[in-house]
Amino acid sequence: MTPVFQWTCSGVERPELDYQRLENWITQVAQRHNRFVGALTYIFCDDTTIIDVNRRYLNHDYFTDIITFDNCMGQMLRGDMYISLDTVRTNAEAFGGGDYDRELLRVIIHGVLHLCGINDKGPGEREIMEREENESLGLL
């Protein structure tokens, strides 16, 4: 099966990225986790959209950088990922030394890692997720 990637926007301009390179990278990361890419949709948005999605579908009332909706089928990765470019920028300034591009890449792969079964909410899980993000970024 050929991977299908969709890169869309809601309320923001599409980031200037090498999307073919990103798709190859995401496919490589999926393979490292014994998965393959089916259909992945990335929706770049603003904080207004992300909080609306968070409230509407998750009953959460806070901003976040990414919301991942998992629609995987076995080893095939499928899902929709909303990424708030506003929160990515805020987090880059607060935690990433101001490197917006690297923070955006980290968030893009963060969603894929969630689809691969890696969580970040329980004890010790955040450290595992950060290690996986860093290893994935090292592949790019």
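Source: prediction; values computed, not measured.

*Asks:* Explain the overall build of the chain to me, using residue names and the numbers behind them.
*Replies:* Helices and strands together make up the secondary structure of the chain, namely five helices and four strands. The order of α-helices and β-strands along the chain, N terminus first, is β-α-β-α-β-β-α-α-α. Taken over C-alpha atoms, the radius of gyration comes to 14 Å for the chain, in line with the 14 Å a tight globule of 140 residues would show. With the C-alpha coordinates of the chain rotated into their principal frame, the extents come out at 35 × 30 × 25 Å. Counting every position in the chain, which comprises 140 residues, the buried fraction comes to 45%. Entry remark: accessible area of the chain is about 7,600 Å², with carbon and sulfur atoms responsible for 45%. Distance between charge centres in the chain, computed from 13 positive and 23 negative side chains, equals 4 Å.

Conventions adopted
Residues numbered from 1 in each chain as written. Predicted model: local features only at pLDDT ≥ 70, side-chain atom pairs only at ≥ 80, totals over all residues. Heavy atoms only, no water. Helix = DSSP H or I, 4+ residues; strand = E, 2+ residues; numbered from the N terminus. Rg over C-alpha atoms; globule rule 2.2 N^0.38 Å. Buried < 20%, exposed > 50% of the residue type's maximum accessible area, 1.4 Å probe, protein only. Areas by Shrake-Rupley, 256 points an atom, 1.4 Å probe, with all protein chains shown as cover. Lys, Arg positive; Asp, Glu negative; His and termini not counted. Charge placed at Lys NZ, Arg CZ, Asp CG, Glu CD.

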